[in-house]
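Summary of structural features
Residues per chain, in single letters:
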Amino acid sequence: KEYGSILETAGRNLRYDFLSRVNKDFVATAHTASDNLETVIFNLTRGTAIDGLCGIPPKRDIFIRPLIFCTREQIEDYCKDNNIPFVTDSTNLSDDYTRNKIRNHIIPYAEKEIVKGSVSHIYNTANLLKEQEEYLELQVQKELEKVTRFDKNGSVCSLDKTAFLEMHIFMKKKIVHRLLCLMAGSQKDITAKHIESVLSLFEKEGMKFVDLPYNLQAKSEYGKVLIGKKEPEGGKGVLESDLE
């Protein structure tokens, strides 16, 4: 209740927070290619963009995952062959969590009944998608800089309608998503619905508003769309800030 999430997610977040505080160098986790596949399938079933299909990165901040290229079976076989004791978390065998259902039923079925080696194959695909996503993010940043201006505090951004409308729809969505996450300080709860609502402003004449998560608001004016915090009642809001 305190963290507004299910037990598994809250536990994960607390573990990462604890490890970040006790070790400022590197923390190695035991994630495997099998864990990576679970993440890809889980994200795919919920609906995701390319970044959600890239799986678990080998490195993020101080966290490194040196076993991410190995399947769980390969690691267990290595331990058995070399008489290395290991412990299986009993909660992994339960179907109480969605990830466990993927781990215990979908992945074994894919390996046995669809394509042997599917864990490794999807791991390789996730790596290819990660390379493509990294390249696309570089292009997004270049295009974003062409069509946006920020106020001196960085609290309001303005998008030029004419230049923005000339872009491909894929680039439009990526730019709006990047800006919303930047202005919100988080990408949680920023959905495709919010992106579409901002995009709709570029086709409208006159002054129109769209309310967004994190107390953000997008406003359509003549020739531009502004994104920033909502204007406080009775006062001049940040959406009226001077742009550089």
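Report on the accompanying structure.

Rules behind the numbers
Residues numbered from 1 in each chain as written. Predicted model: local features only at pLDDT ≥ 70, side-chain atom pairs only at ≥ 80, totals over all residues. Heavy atoms only, no water. Phe/Tyr/Trp six-rings, centres within 6.5 Å; stacked < 30°, edge-to-face > 60°. Helix = DSSP H or I, 4+ residues; strand = E, 2+ residues; numbered from the N terminus. Buried < 20%, exposed > 50% of the residue type's maximum accessible area, 1.4 Å probe, protein only. Pairing = 2+ DSSP bridges.

Taken as a whole and judged by the stated rule, the model has two aromatic pairs. For the pair Y16 and F63, a centre-to-centre distance of 4.6 Å together with 55 degrees between the ring planes defines the contact as tilted. Separated by 47 residues along the polypeptide, Y16 in helix α1 (residues 7–22) and F63 in strand β3 (residues 63–64) bring together distant segments of the chain. F63 gets classed as buried once you look at its relative accessible area, which sits at 7%. With 4.1 Å between their ring centres and 20 degrees between their planes, F164 and F202 make a pair best called stacked. On the criterion of sequence distance, the pair formed by F164 in helix α6 (residues 161–165) and F202 in the loop between α8 (192–201) and β6 (208–212) is long-range, its members being 38 residues apart. For the residue pair F164 and F202, the accessibility class agrees, reading buried in each case.

Let us look at the pairing of strand β5 (residues 156–160). Among the five residues of β5, four are classified as buried, and the element is accordingly described as predominantly covered. Where strand β4 (residues 148–150) lies against β5, three bridges are found, and the strand directions are antiparallel. Each bridged residue has a counterpart across the sheet, and for T148 the counterpart in β5 is L159. The hairpin formed by β4 and β5 contains five residues between the paired strands, and G154 there has a positive phi angle of roughly 70 degrees. Note that β5 and strand β8 (residues 224–229) share five bridges and pair antiparallel. Across the sheet, D160 pairs through a bridge with K224, a residue of β8.

Taken by themselves, the reported measurements are silent on function.
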